[in-house]
There are 2 protein chains.
Amino acid sequence: MAVQRIADPASENSRERKNGKRSSVTLKDVAAAAGTSVSTVSLVMNHKPGARIGKDARARVLKAIDELGYRPNTLAQGLARGRSNFIGLVADSIATTPFAGQIIHGAQEEAWKRGYVLLIANTEGDRDLERRAIEEFMEHNVSGVIYSTWYHHEITMPPELTQVTTVLVNCSDPNSEVTAVVPDEFRGGKAAAQMLIDAGHRRIAFVNSTSISPARTGRRAGYLAALEEAGIPADESLMFDTMPYQEGGMRIAEQVVQTGATGVCCHNDRVAMGLYDALRDRGLRIPDDLSVVGFDNQEVIAAHMSPPLSTVQLPHYELGVVGVKMLLEDVESPDRAGFSRTIRIDCPPVMRDSIRRL
Amino acid sequence: MAVQRIADPASENSRERKNGKRSSVTLKDVAAAAGTSVSTVSLVMNHKPGARIGKDARARVLKAIDELGYRPNTLAQGLARGRSNFIGLVADSIATTPFAGQIIHGAQEEAWKRGYVLLIANTEGDRDLERRAIEEFMEHNVSGVIYSTWYHHEITMPPELTQVTTVLVNCSDPNSEVTAVVPDEFRGGKAAAQMLIDAGHRRIAFVNSTSISPARTGRRAGYLAALEEAGIPADESLMFDTMPYQEGGMRIAEQVVQTGATGVCCHNDRVAMGLYDALRDRGLRIPDDLSVVGFDNQEVIAAHMSPPLSTVQLPHYELGVVGVKMLLEDVESPDRAGFSRTIRIDCPPVMRDSIRRL
DNA sequence: TTGAAAGCGCTAACAC
DNA sequence: GTGTTAGCGCTTTCAA
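Each chain carries its own residue numbering, running from 1 in the direction its sequence is written. Chain labels run from A onward and ligand labels from 1 onward, assigned in the order the entries are written. Since the coordinates come from a predicted model, pLDDT governs what is reported: local features require at least 70, and pairs of side-chain atoms require 80 or more to be given and counted, while whole-chain, interface and lining totals use all residues. In computing side-chain properties, one takes all heavy atoms of the structure into account and sets aside hydrogens as well as water.

Chain A goes by LacI family DNA-binding transcriptional regulator in an unreviewed UniProt entry, where it is assigned to Bifidobacterium santillanense.

A. Quick peek at the overall build of chain A. When helices and strands are counted, chain A shows 11 helices and 12 strands. The globule rule used here is 2.2 Å times the number of residues to the 0.38 power, and the radius of gyration it is set against is calculated over C-alpha atoms. Rg of the C-alpha trace for chain A: 28 Å, well past the compact-globule value of 21 Å for 358 residues, more than 25% over. Overall, the C-alpha framework of chain A stretches about 95 × 50 × 45 Å when taken along its three principal axes. Looking at the 358 residues of chain A, the share that counts as buried comes to 54%. Excluding contacts between residues fewer than 6 apart, the proportion of contacts in chain A whose partners are at least 24 apart in sequence is 69%. Using a 1.4 Å probe, the Shrake-Rupley method yields the accessible areas, and only the shown protein chains count as cover for residues. Accessible area for chain A stands at about 15,500 Å²; split by element, carbon and sulfur atoms hold 51% of it. Secondary structure follows DSSP: runs of H or I at least 4 residues long count as helices, runs of E at least 2 residues long count as strands, and numbering of each begins at the N terminus. Only protein chains enter the accessibility calculation, which uses a 1.4 Å probe. A residue is then buried if its area is under 20% of the maximum for its type, exposed if over 50%, and partly exposed in between. Contacts are assigned to residue pairs with any non-hydrogen atoms lying within 4.5 Å of each other.

B. Spatial organisation of the interface of chain B and chain A. The interface is formed by 68 residues belonging to chain B together with 68 residues belonging to chain A. Here chain B meets chain A over a buried area of about 6,100 Å², counting both sides, of which 54% is carbon and sulfur. Computed with a 1.4 Å rolling probe, the buried area is the accessible surface lost when two parts are put together, summed over both parts. A per-residue breakdown of the area chain B buries against chain A is headed by Leu75, Trp112 and Glu139 of chain B, which together make up 12% of the total. Between Lys or Arg on one side and Asp or Glu on the other, a salt bridge is scored when a side-chain nitrogen of the former is within 4 Å of a carboxyl oxygen of the latter. In this structure, the connection of chain B to chain A is made through 8 salt bridges. Of the charged contacts, one joins Glu135 of chain A and Arg71 of chain B as a salt bridge, the two residues approaching to 3.7 Å between their closest N and O atoms. Elements with a minimum of two residues in the side of chain B that touches chain A: helix 4 (74-81), helix 5 (98-113), strand 2 (117-122), helix 6 (127-139), helix 9 (246-258), helix 10 (269-281) and helix 11 (316-332) of chain B. All residues other than Ala, Val, Leu, Ile, Met, Phe, Trp, Tyr, Cys, Pro, Asp, Glu, Lys and Arg, Gly among them, are scored as polar; the first ten of these are nonpolar and the last four charged. Split into classes, the residues belonging to the side of chain B that touches chain A amount to 26 nonpolar, 24 polar and 18 charged. A pair of strands is labelled paired if DSSP reports no fewer than 2 bridges between them. As paired elements, strand 2 (residues 117-122) of chain A and strand 2 of chain B share 3 bridges and run antiparallel to each other. When the sheet's bridge partners are listed, Leu118 of chain A is paired in strand 2 of chain B with Ile120 of chain B.

C. Local environment of the protein's contact with DNA strand C. The immediate surroundings of DNA strand C are formed by 23 residues, with Leu27 and Tyr70 of chain A together with Thr40, Arg52 and Gly54 of chain B found nearest. Looking at DNA strand C alone, sugar and phosphate atoms form 74% of those within 4 Å of the protein. Pairs of N or O atoms within 3.5 Å make up the polar contacts considered here, provided that, within protein, one atom can donate a hydrogen while the other can accept it, and that residues adjacent in sequence are counted only when both atoms are side-chain atoms. Within the side chain of Tyr70 of chain A, one N or O atom sits 2.3 Å away from a phosphate oxygen of DNA strand C. Between a phosphate oxygen of DNA strand C and a main-chain N or O atom of Asn73 of chain A, the distance comes to 3.1 Å. We call a residue near a given molecule or strand whenever any one of its heavy atoms falls within 4 Å of it.

D. A look at the confidence of the model for chain A. Known as pLDDT, the predictor's confidence for each residue is given on a scale from 0 to 100. Averaged over all residues, the pLDDT of chain A is 89; the fraction at 70 or higher stands at 90%. In this model residues 1-22 of chain A is a low-confidence stretch, pLDDT under 50, and it forms 24 contacts with partners more than four residues away in sequence or in other chains.

E. Structural context of the side chain of Gln298 of chain B. Positionally, Gln298 of chain B belongs in the loop between strand 9 (291-293) and strand 10 (311-312). A relative accessible area of 3% means that Gln298 of chain B is categorised as buried.

F. Main features of empty space enclosed by the protein. Residues are said to line a cavity or pocket when one of their atoms sits within 4 Å of a point; the points come from a 1 Å grid over protein atoms alone, cavities being sets where a 1.4 Å probe fits but cannot get out and pockets being open sets with protein on both sides within 12 Å along at least five of seven lines. Grid points are joined across faces, edges and corners, and a volume is the space filled by probe spheres set on the points. Summed over the entire model, instances satisfying the criterion amount to 4 cavities of 30 Å³ or more. By volume, the largest cavity is sized at about 150 Å³. Contributing to the lining of the largest cavity are 15 residues, with Met273, Asp277 and Met305 of chain A together with Met273 and Asp277 of chain B lying nearest its centre. Listing elements by their share of the lining of the largest cavity, those giving two or more residues are helix 10 (269-281) of chain A together with helix 10 of chain B. Looking at the lining of the largest cavity, its residues break down into 6 nonpolar, 5 polar and 4 charged. There is about 40 Å³ of room inside the second largest cavity. Every residue along the wall of the second largest cavity is listed here: Pro98, Gln298, Glu299, Val300 and Ile301 of chain A together with Pro98, Gln298, Glu299, Val300 and Ile301 of chain B.

G. Representation of unusual backbone geometry in the model. Geometrically, the link from Ile286 of chain B to Pro287 of chain B is a cis peptide bond, its omega value of 5° lying close to zero. On the secondary structure map, Pro287 of chain B appears in the loop between helix 10 and strand 9. Cis geometry is adopted by the peptide bond preceding Pro307 of chain B, which originates at Ser306 of chain B and carries an omega value of 0°. Within the fold, Pro307 of chain B resides in the loop between strand 9 and strand 10. Despite not being glycine, Asp296 of chain A shows a phi value in the positive range, around 120°. With respect to the helices, strands and loops of the structure, Asp296 of chain A is situated in the loop between strand 9 (291-293) and strand 10 (311-312). Owing to a relative accessible area of 8%, Asp296 of chain A belongs among the buried residues under this scheme. Backbone geometry places Asn170 of chain B, a non-glycine residue, at a positive phi of 70°.

H. Expanded view of helix 8 (residues 214-229) of chain B. All names here are of chain B. Its 16 residues give helix 8 an end-to-end C-alpha distance of 22 Å, which sits within 8% of 22 Å, the value for a rise of 1.5 Å per residue. Residues of helix 8 that are buried: Ala215, Gly218, Arg219, Gly222, Tyr223, Ala225, Ala226 and Leu227. Next to the buried residues of helix 8 lie helix 7 (185-198), strand 6 (204-209) and strand 7 (239-242). The positive-phi residue at the C-terminal boundary of helix 8 is Gly231, with phi of around 75°. A helix's residues, less one, multiplied by 1.5 Å, set its expected span.

I. Quick peek at the environment of Leu68 of chain A. All names here are of chain A. Within the element layout of this structure, Leu68 appears in helix 3 (residues 55-68). Leu68 sits 203 residues away from Val271 along the chain, and the two C-alpha atoms are 59 Å apart. Look past the residues within four positions of Leu68 in its chain and what remains in contact with it is Val25, Asp29, Val30 and Ala33.

Next up, the structure:
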């Protein structure tokens, strides 16, 4: 009889709809099934430390949760608790370089580990998009936001960020008090030169970038410091500037060779690549004729050059990790708020085969 | 007098606390300020089509919203509406390659454009992490999830995904009915060979990968198809397999040269890089002695090789865009649900200087 | 055209 | 120990 198709509304689980997926079981359902109140269920769900729950009640609740396949609704939790477990990450470029990906990766893992989830926004540096992203984040009640850039430089923070706990990653704002996490360019530059010095080199060229940046200044200072510590006098004629790409490396090669240097530190791996090519074209061998050190440890490239390139690693992953660590520190202990600081993350040397022992 | 410090609780905006940030203005506040009810405010906020609001009331509301700097609380909206504007993206590797970043980028932009925000999770292929990520997503009431891999291959979908609308990106599951978005390897391979053919080459080698994958099979088939269309007989002696890295390219170089081919299609840009190096070492010139075509259009590399490499682009960005497009299509028109399909995204050729016109 | 009120699923007093 | 209940901020009937 057709009438049978008219199901009893009470017996039909009214939650089974919603896009045909995700039939949501609620706290109330669990409570009913376990024969307890919702608060009891809530209590056992949240492992409240002080909360004493009867061994028996807890067991029933757990059983019900399991049987019903209950999953808490974080939106409701957030609403009730007045806070969410979101962290927003705005990146100025997640695709044009492999770097940003590492930052995101690190941030995501650390956030996850701490029970937070990462919301991401890509702005391509567009100020307006940035503003909208931040607003969107705030609408989502993020606990804080990470503002990151793909290359280390100074920025001026979007004004919207003052309304929310923020940490800067791979950039810093000289006019602001936020905490920033950046690579330690100085120690990185020093490590680069040190690899060559340790291998016995004394005449070490330095091919820097033409564009002004903390990387340019910091690495150069590090290089000079390493020389000084080794008692090697600095020699301006060994220091060059070039475009920080393969082309730059190719163009500067001749001059570097002319100096008679036995080793060279490059501003980055790409410059080193250009140098490799130029040297090859001249029939020169690496590391026999010239030892080369890069910077960045750019994945996919450095390890697979011929010979594999010794370089210094830019700690993007770490940057992301430490970024959320600092952020959560600020978020979870509000007393720290406003306490500014700049964290410098070490850039470890990566020894491969482009350095010849003298 | 000290007593003055005891502020009148009523006059002190009780929302000003919350971590010292983000003083949230609520709908109710706006309603009060505008002298209307919350429902009226809600109505104007949502530009409800049918809802007729007095010109006057609307103006007052808008004014209040503006003055108070009101922003809706999406958690509350989500709760009330029974759905969120989240899309979850699980990636098996966001950092180890530049590729995943592009997918995320595309997905993020498209999601954003449609009013959704992207939640991301990185799993490094760990099945357990994957499960937890998906559960976390579901707890956050995501509207759907994108499951993506960094290289195109066949997978078996995590079972948890059956509970939520899903689309696969850069992978496909032969045993499942979900919609998948993948690169069109066949047309890509064809485009690669076509570049050489168009430049007048007839003896074209093909250096494929040793590892089985849709890329390997598809590109080869495309290469053969292009030859056939051009009336060039396939020649097994021109086809090689090698490791899909720089090393592979270096090792195979000699054999390729021996064939007397005037052009060669490489499985990917990295193989092409290896070939470049090996050729340089032999004193051979590209493209004069050999024309080379890569695959992937790997950023940072291809355009800056010397000479810049002609290649075929892997459409990761597009993959991400189309992925969320398809997802939202499924989500927003539930009638489509269960309708399986595989979308192949074109891989456009990118002409640069590694091909010599004959 | 507008307002009142009943939830959405959960948390956190507070009472028993 | 466990249950009751009042919200969290918003949407959405349903009346007025």
